[in-house]
Protein chains: 2
Amino acid sequence: METTGMQWIKVALVEDDARVRGHLAKLIDDAPGYACVCQCGTAEEALVKIPAAAPDVVLMDIHLPNRSGIECAFRLRTALPALRILILTVYQDADVIFKALQAGASGYLLKRTSPAELLQAIAEVLRGGAPMTSEVARRVVESFRVRAPQPGAAAELSRREQEILELLARGYVNKEIGERLSIGVETVRTHLKHIYDKLHVSSRTEAVAKHLGIGLDRMRMG
Amino acid sequence: METTGMQWIKVALVEDDARVRGHLAKLIDDAPGYACVCQCGTAEEALVKIPAAAPDVVLMDIHLPNRSGIECAFRLRTALPALRILILTVYQDADVIFKALQAGASGYLLKRTSPAELLQAIAEVLRGGAPMTSEVARRVVESFRVRAPQPGAAAELSRREQEILELLARGYVNKEIGERLSIGVETVRTHLKHIYDKLHVSSRTEAVAKHLGIGLDRMRMG
DNA sequence: GGCGGCATCCCCCAAATGGGTGATTTTTGA
DNA sequence: TCAAAAATCACCCATTTGGGGGATGCCGCC
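None of the values given here were measured: they were computed from a predicted structure.

## A closer look at the sheet that holds strand 3 (residues 57-60) of chain A
Adjacent strands of a sheet pair through backbone hydrogen bonds, lying either parallel or antiparallel. Residues and elements named next belong to chain A. Taken in spatial order, the 5 strands line up as 2-1-3-4-5 in an open sheet, and their pairing is parallel. The outermost strands of the open sheet, each flanked by one partner alone, are strand 2 (34-40) and strand 5 (107-110). Within this sheet the neighbouring strands show an average axis-to-axis angle of 25°, counted without direction. Where strand 1 (residues 9-14) meets strand 2, 6 bridges bridge the pair, whose relative direction is parallel. Across the sheet, Leu13 pairs through a bridge with Gln39, a residue of strand 2. The strands that helix 2 (residues 43-53) touches are strand 1, strand 2 and strand 3; relative to strand 2, the one it contacts most, it runs at about 150°.

## Here we look at helix 3 (residues 69-79) of chain A
Regarding helix 3 of chain A, the residues found buried are Gly69, Ile70, Glu71, Cys72, Ala73, Leu76 and Arg77 of chain A. Residues of helix 3 of chain A that are buried in the fold lie against helix 2, strand 3, strand 4 (84-89) and helix 4 (94-102) of chain A together with helix 7 (159-169) of chain B.

## Section: the packing of helix 7 (residues 159-169) of chain A against helix 10 (residues 204-211) of chain A
Residues and elements named next belong to chain A. Packing of helix 7 against helix 10 leaves a shortest axis separation of 9 Å and a crossing angle of 100°. If you check the angle between helix 7 and helix 10, you find them roughly perpendicular. The residues of helix 10 that touch helix 7, namely those facing Leu165, Glu166, Leu168 and Ala169, are Arg204, Ala207, Val208 and His211.

## Notes on the side chain of Thr89 of chain B
Residue and element names in this part refer to chain B. Position of Thr89 relative to the elements: it lies in strand 4 (residues 84-89). What makes Thr89 buried here is its relative accessible area of 0%. Polar side-chain contacts of Thr89 include one of 3.3 Å to the backbone nitrogen of Tyr91. With near-sequence residues (within four places) excluded, Thr89 lies in contact with Asp61, Ile62, Tyr108, Leu109, Leu110 and Lys111.

## As for the packing of helix 8 (residues 174-181) of chain A against helix 9 (residues 185-199) of chain A
The relative placement of two packed helices is expressed as an angle between their axes plus a distance between the axes. Residues and elements named next belong to chain A. Taken N-terminus to C-terminus, the directions of helix 8 and helix 9 make an angle of 105°; their axes are 8 Å apart at the nearest point. Judged by the inter-axis angle, helix 8 sits roughly perpendicular to helix 9. Each of Asn174, Lys175, Ile177 and Gly178 in helix 8 lies in contact with helix 9, whose residues at this interface are Val185, Val188, Arg189 and Leu192. Each residue belonging to the contact of helix 8 with helix 9 can be placed in one class, and the counts come to 4 nonpolar, 2 polar and 2 charged.

## Re the interface of chain A and chain B
Taken together, the contact between chain A and chain B spans 42 residues of the former and 38 residues of the latter. Buried area between chain A and chain B, summed over both chains or domains, comes out near 3500 Å², and the portion from carbon and sulfur atoms is 61%. Ranking the residues of chain A by area buried against chain B places Phe144, Arg145 and Thr205 of chain A at the top, with a combined share of 20%. Between the two partners, chain A and chain B, sit 1 salt bridge. Glu71 of chain A is paired through a salt bridge with Arg159 of chain B; the nearest N and O atoms lie 2.5 Å apart. The interface formed by chain A and chain B contains 4 residue pairs in polar contact (both at pLDDT 80 or more). If you list the elements that add at least two residues to the side of chain A that touches chain B, you get helix 3, helix 4, helix 6 (134-142), helix 7 and helix 10 of chain A. Its residues assigned to classes, the side of chain A that touches chain B shows 17 nonpolar, 12 polar and 13 charged.

## Section: the protein's contact with DNA strand C
The full set close to DNA strand C counts 20 residues, and Ser158 and Gly184 of chain A together with Arg189, Lys193 and Tyr196 of chain B are the nearest of them. If you look at DNA strand C and keep only atoms within 4 Å of the protein, 54% of those are sugar or phosphate atoms. With respect to DNA strand C, the side chain of Lys193 of chain B contributes an N or O atom lying 2.5 Å from a base oxygen. Contributing elements (two or more residues each) for the surface near DNA strand C: helix 9 of chain A together with helix 9 (185-199) of chain B. With 6 residues, the top contributor of residues to the surface near DNA strand C is helix 9 of chain A.

## Regarding the protein's contact with DNA strand D
For DNA strand D, the set of nearby residues contains 18 residues, the closest of which are Arg189, Lys193 and Arg204 of chain A together with Ser158 and Gly184 of chain B. Each atom of DNA strand D within 4 Å of the protein belongs either to a base or to sugar and phosphate, the latter forming 50%. One of the side-chain N or O atoms of Lys193 of chain A is found 2.5 Å from a base oxygen in DNA strand D. Take Ser158 of chain B: an N or O atom from its side chain is 2.3 Å from a phosphate oxygen of DNA strand D. Elements represented by at least two residues in the surface near DNA strand D include exactly helix 9 of chain A together with helix 7 and helix 9 of chain B.

Definitions and limits used
- Residues numbered from 1 in each chain as written.
- Chains lettered and ligands numbered in written order.
- Predicted model: local features only at pLDDT ≥ 70, side-chain atom pairs only at ≥ 80, totals over all residues.
- Heavy atoms only, no water.
- Pairing = 2+ DSSP bridges.
- Helix = DSSP H or I, 4+ residues; strand = E, 2+ residues; numbered from the N terminus.
- Axes fitted to C-alpha atoms, helices over the stretch in contact; angles between N-to-C directions.
- Contact = heavy atoms within 4.5 Å.
- Buried < 20%, exposed > 50% of the residue type's maximum accessible area, 1.4 Å probe, protein only.
- Parallel < 35°, antiparallel > 145°, perpendicular 65-115°, else oblique.
- Polar contact = N/O pair within 3.5 Å; in protein donor to acceptor, adjacent residues only side chain to side chain.
- Nonpolar A, V, L, I, M, F, W, Y, C, P; charged D, E, K, R; others polar.
- Buried area = accessible area lost by both parts, 1.4 Å probe.
- Salt bridge = Lys/Arg side-chain N within 4 Å of Asp/Glu carboxyl O.
- Near = heavy atom within 4 Å.

Encoded structure:
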């Protein structure tokens, strides 16, 4: 209720499906205090039109022709650090979620979000919050969890083997590991063979991946 | 109430301030469908009484005499994996938040949360969600943010190079990477050389360590 | 005493890797 | 439009790595 028009929340859309885009635009324009100032069907379009339109918030789809919405989000955030980006997508892959947040998204909603929740989320993100659909929040929180060592894994490694695995994970080559532990390279190699056996892997990189708790995620994105 | 009684949500409290504890207990018991089945003033008490009381959710304070609520949360989760733990505290430092989530907390609320929101959060966490106060959510989301390209350190990898680094981190050898991306092994090698140049490393394991390193700094606790 | 696990070292060999150089085509960006 | 960057592939060569042996000494444990 200030004196200028700045109290309007200016929203931009990046969504390749024209029907969905039109539907969202109408939803936003019909809501009091909200205005849809920019509609884009591709990432390229967004990178040109959004800086000009200067919205407060962008609703960003992830599945776009050519570039993904994640890359688009990253470029927009780099160019316009004050811009808030809300992902609005069907993807609930942990991998996709993390990449989007890494790229600078401030929130992550699934497309089944109701119109009322969507408008609330837009307001919330401008208040400095981080609106997320509950599944997304759960995955995010779970990503922090410290993995308990399972019986078949690293718990079985001897003390020396664990030391060597630590150094492996820091990227040292066998010679450097030997120097640091004051043992010969051949000994390091022997320990490595035992580590591989116990972890059921066959290369140092695989061992490190397992050690750092990666391994099991099978996902991807365009 | 053998089989039908199970629809009650059983809540336990761990909170050293007796007044606050009593207040919370009353709030929960007064709410239809909720029952406070256990009240604890210390972590030690919680570790004994909570397994016996078998609640669905624990509301956990962080500031406790002797041990912290974070350690208590970790021990409870280890003993009772199905138990959901909701942190309810005044601390909103990023460090405390992350440690609590690492310890296995499923949600994190600040004490200024209203009674209605608190009851909602309890229900939400049992639906598999991860209720967080908006400031907490913001900090969590920001923790994912990738550092802006620094002058000298973070060289930017091309899209293909990032894909290859992803596969590296999963422990694939060059031939497998080539197959997965439908390119020749020589091309993979070329990309790897570029990655090493840009990251200032000289082996795949080092590259993976660097790539996963930022994640580690974020996740690792002292 | 013997047995197994651990730590230490040695050798051989095939495969994978890293590093250099060069080349073509497509995509991108200015 | 035009230069830069990215993506693709090729060849050579020294080093590293993985996997297979085998050997020695130490320690804890039944």
